[in-house]
Structure formats: C-alpha cells, structure tokens
Amino acid sequence: MVGYLISLGIFTATFALFSLGLNLHWGYTGLINFGHVGFLAIGSYTTILLGIAGVPMVFAVLAGVVLAMGLGFLMGIATLRLREDYLAIVTIGMAEIVRLIALNEDWLTRGGRGVYGFPLPLAQFNPNLPTKLGMIALFWAVVGAAAWQWWQWLERQYGGSHPRWLLPSYAALLIAGTLSLWATLLPLSLGRGIALFPLGLTLVTLGGAIALVSYYCRSEKPAVVPIALNTLAAALVGLVAKALTLGLWDFSYRAGLLWLLVLVLALVVWQLERWIHSPWGRVLKAIREDEEVAKALGKNVFAYKMQSLLLGGAIAAVAGSFYAWQLTFINPDGFVSLITFQAWTIVVLGGAGNNMGTLLGAALFWAYTALTRFIPLDGGRLEALRMMLIGLVLILLMMWRPQGILGKKEELSLGR
C-alpha cells in the first residue's frame, strides 16, 4: 500500500510540474500549445542518454532544459508572430517530429526497443538515521508551507463575510479526517473489518468539513463543489505524505525520488508565483487579454511570448527527467499526444492562470485515475470508460464553471 501511494505521488507531482509549464503558456500568456509533450520527450531522452554516457545527472538535466528551450525557440521563431491557431497546429507537428526522430534514429535512442538500464538518482543512496530525520523534516517543512498557502487562500475566499470560528473548525475537521484516513493504513494487514472504523470516521469528518463550509457558503452555490474537491485533494495529499514519511524511514529508491521531486516542485511553484506577481507576469496577463494593448504601451510582445515559451518548455523538460526516472524505461510510445491532453485536462480542471489550481487539478486527475483502475473491466473497456467519464466531467465543468475550480471567470481567455 505504501509503495503504491508513493508511485501515485510521483506521477501526480510529475504531471503537476509538467502542467505548470503548460499553464504558463496558456493560462498566463494565452499561447495554445498542443505539443507540450515534445518538451517532455526531449528532457527525458537527453537526461537518460547523457546519464548512460557518464555525464553527472545535474548537468544531464540542465542539458535537457537547454535543448527543450532550443526547441521552444525554433517553435517561437516560426509561429509567435502568427495567430494562435497556427501556433496550435505547429506545436502538434513539432511534438510529433520529436517522437518520430526518437522512433527512427535507432543509433541514438534505440528506436522502438526503448532505453533502459540508465542511472537513477538516489538509487545507491543509503542514508543514516540523522540524514533520514533531516529529509523527513525538510519534507514536512514543505508540506507545512503548502498548507499555509492553502489556508491563506481559504481566508481570501471565505474568511471575509463568515464567522471567525468557521475556518478553524473546518481545518480541525479536515485534520481529524486526514488522521483517521492515515489510520486505515495500519489495520489493512490485519483484516478489512478492522479498517472499517477509521474509514467510516474519515467519511464522517471529511463530510462534516464539507457540510460546515458549504452551509455558510449556501448563498453562492457553486462554492460547494470547490470546497468538496479541495477537501478531498487535501486528504489524499495527506495520505501520500504519510506514505512518503514511512518510505523515507525504511528508505527506498522511489521514496527518495518522490522526496526530491517534491522539493523541485515546491521550488518551481515558489519561483513561478514570484514571477507571475511581478511586472513581468502582469505583462504576460496583458498579452493574454489583448496583445494590441500591450503593444500600444510599448511592450515587446514577441519577446515576452518567447520568454514564456522557453520557460514553460524548460519546466516540462525537468518533468521529463522525473518521468523517465519513475518509469525506468522509456520508448517513443510514452510520448504520444495523449500526454499533452492529460496536461490540458489538469489545467482546465484546476483553473487556467492559477498555479495552485494546476496542483489541485493534478491531484484530482490522478485520484480519479487511481480510483477507476479498480472497476472490474478488461484493459480496453476500462480505458474507454475512463475517457468517457473524464470527458463527461469536463463537459459538466465547462457548463457549470468554465474557468475551472480555482480559476477566475474574469481572466478566462479561451475562446476570445
């Protein structure tokens, strides 16, 4: 169970990092990129091929970032002066070119046979007790910082016109629900019946947290679902956090990889938040809304678009490194266009133009993926059902809340 939760956490954090690059392109700059997986492929292949050649991993990752930025530069030179639909068409083509090169250049990428047996980060790492405690403490410091940011968001959204005790009571119920969810990990090995009590307590407390805030938000009915989804995502993140703590204590490669990935993700989100709220980020939003106005104010729109394209590609390349390290085997079939549209689903679900929404979207998307895998259908039928269900969810979301769960309707740029 712990190993499965850690693997789920790795995929969630990897796709959150990957989707942050897409959110920078579309959510903040208005660039419609349907070939984002090309940056992921370049980051993956560059990192592992240079790793096999003996290049230190840090420099291999940096090389992947540089090559991804080079691809973004070529893409930008060809399309950024044209309309958005041309950019969308060219990005699909560029991503497919990257995939076909990986498939046909057998001397470099081993073609369809794929690449395996490459060096993995922290694979040979054997930490002592103080190191383990330090890693756990650093991880929980990041979790605490994330929880504080989430609390600040709750206060901005619901703290102004409601009783002072509302949010503390909600937080207390959420913590109780998460702790009871943690307790389900312990008795699972003793029997399913013993696990029913903490699982039932989980449902009661988390349901109480949702009902508490939803009752006081009843004047704004759409607030009920965001509160419910935030509560679910927070509890699931807490469950993965406990699994990672146990994994770090009995140190394993995947636990170390998730720990490293969480630190990188936290650093990227922190820097993105700083940049987006700087004058540079405000120019990107102005370009998204109406680039002619930005031009009239003397801004070099092409340069700002290019910077956004390069930076988003660099973030996706870093995600590509972790994607390869998690799978421990990659081939061109792992970089099809479906990967890009999964990132689009995450961004649309969480809310475009909101980094926290992207993180929430990634958590909900992979929770959905994890839960639906237990449906008793064979592989082909299960995948078809998954696609139908996620499509239905997106249709309902577009009807009910087109800006996404945490997005702002006044910043919605799709379809303008």
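Refer to the structure above for everything that follows.
These figures come from a predicted structure and were not determined experimentally. (Residues numbered from 1 in each chain as written. Predicted model: local features only at pLDDT ≥ 70, side-chain atom pairs only at ≥ 80, totals over all residues. Heavy atoms only, no water.)

Visitor: Before we move on, could you go through helix α11 (residues 279-296) and cite the residues and values that matter?
Guide: Taking 1.5 Å of rise per residue, the 18 residues of α11 would be expected to cover 26 Å, yet its terminal C-alpha atoms sit only 17 Å apart, more than 12% below that figure. Bending of α11 peaks at approximately 130° at the position of Asp290. When α11 is considered as a whole, its buried residues turn out to be Trp280, Gly281, Val283, Leu284, Ile287, Arg288, Glu291 and Ala294. Trailing α11 by a residue or two, Gly298 shows a phi angle of about 90°, which is positive. (Helix = DSSP H or I, 4+ residues; strand = E, 2+ residues; numbered from the N terminus. Expected span 1.5 Å × (residues − 1). Bend = angle between axes of the 7 residues up to and from the residue. Buried < 20%, exposed > 50% of the residue type's maximum accessible area, 1.4 Å probe, protein only.)

Visitor: So what's going on with the packing of aromatic side chains? Which residues, and what values?
Guide: Each aromatic ring pair is summarised here by two numbers: the centre-to-centre distance and the angle between the ring planes. Enumeration over the complete set of coordinates arrives at 14 aromatic pairs. When the centroid spacing of 5.6 Å and the interplanar angle of 85° are considered together, the rings of Phe125 and Phe251 count as edge-to-face. Here Phe251 lies in the loop between α9 (224-249) and α10 (253-276) and Phe125 lies in the loop between β1 (115-116) and α6 (129-158), a separation of 126 residues in the sequence. For Phe125, a relative accessible area of 35% puts it in the partly exposed group. Through a chain of ring-to-ring contacts, three or more aromatic side chains come together here, namely Phe11, Phe15, Phe18, Tyr45, Tyr323, Phe335, Phe365 and Trp366. (Phe/Tyr/Trp six-rings, centres within 6.5 Å; stacked < 30°, edge-to-face > 60°.)

Visitor: Got a sec to walk through a nonpolar patch on the surface? Specific residues and values, please.
Guide: On the surface, Leu392, Ile395, Leu396 and Met399 cluster together to form a nonpolar patch covering roughly 440 Å² of accessible area. Met399 gets classed as exposed once you look at its relative accessible area, which sits at 65%. (Patch = residues over 30% accessible without salt bridge, like charges linked within 9 Å, V, L, I, M, F, W, Y side chains within 5 Å. Areas by Shrake-Rupley, 256 points an atom, 1.4 Å probe, with all protein chains shown as cover. Salt bridge = Lys/Arg side-chain N within 4 Å of Asp/Glu carboxyl O.)

Visitor: Break down the environment of Ala241 for me, citing the residues and quoting the values.
Guide: Position of Ala241 among the secondary structure elements: in helix α9. Note on Ala241: relative accessible area 4%, which makes it buried. In the structure, Ala241 is positioned 235 residues away from Ile6 in sequence and 8.6 Å away in space, judged by C-alpha atoms. In this structure, Ala241 is in contact with Phe139 and Trp140, ignoring residues within four places of it in sequence. (Contact = heavy atoms within 4.5 Å.)

Visitor: Tell me about the nonpolar core, and name the residues and values.
Guide: Formed by 103 residues in total, the largest nonpolar core has its most connected members in Phe15, Leu17, Phe18, Leu40, Leu248 and Phe335. Considering each element in turn, this core owes the most residues, 16 residues, to helix α12 (residues 301-327). When near neighbours in sequence (up to four residues on either side) are disregarded, Phe15 contacts Tyr323, Ile339, Gln342, Ile346 and Trp366. (Core = buried A, V, L, I, M, F, W, Y, C linked by side-chain atoms within 4.5 Å.)

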